[in-house]
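Read off the chains here:
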Amino acid sequence: MKRRRFLGIVLAVLGSTAAGSLAYPLLRFFAPPARDNKTKSISIRKSDIRLGEAKEIVFNNNPVIVINRYEKGFVAFSKVCTHLGCLVEYDKGLRKLVCPCHAGTFDLDGNVLSGPPPRPLPAIPLKVEGDFVVIG
Ligand code: FES
């Protein structure tokens, strides 16, 4: 192989690599967005969460806690604290949600009781259908 032909092949390979690395981001930019892969709803048997108990689930890649409250029924909240994003825990004895990071506390309606959280916990839509709790 002559030197001139070898250099031509090397330049062609480098050029096509450079063109590909420029074209790919452009094609991705103009391509339509991927479909929304969010879960529409999750069903849990009511009997899986006894009165006063809670169950943790993952809904649309977010940690969620579903609580079967005394007198008020089922409710679901994001577990992500509105202060700095730690995950709150359900304290069955105190009937509160407690953030382990800075001692923020929330009542079982999601309202801030104490500590630094600036907002209530976001509620997740929930309905009771027959024997099931449907989240989402
Ligand atoms: S992150 Fe929850 S109180 Fe600070």
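Conventions adopted
Residues numbered from 1 in each chain as written. Predicted model: local features only at pLDDT ≥ 70, side-chain atom pairs only at ≥ 80, totals over all residues. Heavy atoms only, no water. Domains from an automatic or database assignment. Pairing = 2+ DSSP bridges. Helix = DSSP H or I, 4+ residues; strand = E, 2+ residues; numbered from the N terminus. Axes fitted to C-alpha atoms, helices over the stretch in contact; angles between N-to-C directions.

Trainee: Residue-level account of the domain arrangement of the chain, with values.
Mentor: Interfaces are often sized by the accessible area lost when the parts come together. If you check the domain split of the chain, you get domain 1 (1-31) and domain 2 (42-135). A C-alpha centroid distance of 54 Å is found between domain 1 and domain 2.

Trainee: I'd like a rundown of the pairing of strand β2 (residues 54-59), residues and numbers included.
Mentor: Relative to strand β3 (residues 62-69), β2 is paired through six bridges, and the arrangement is antiparallel. Looking at β3, one finds that valine 58 is bridged to proline 63. The hairpin turn running from β2 into β3, its antiparallel successor, is two residues long, and asparagine 60 in that turn takes a positive phi close to 50°.

Trainee: Would you mind going over the sheet that holds strand β9 (residues 126-129) in detail, with residue names and values included?
Mentor: One open sheet accounts for three strands, arranged β1-β10-β9; its pairing is antiparallel. The open sheet is flanked by β1 (42-45) and β9, the only strands paired with a single partner. The mean inter-strand angle of the sheet, taken between neighbouring strand axes irrespective of direction, is 25°. Pairing of β9 with strand β10 (residues 132-135) involves four bridges; the strand directions are antiparallel. In the sheet register, valine 128 faces β10, and the bridge partner there is valine 133.

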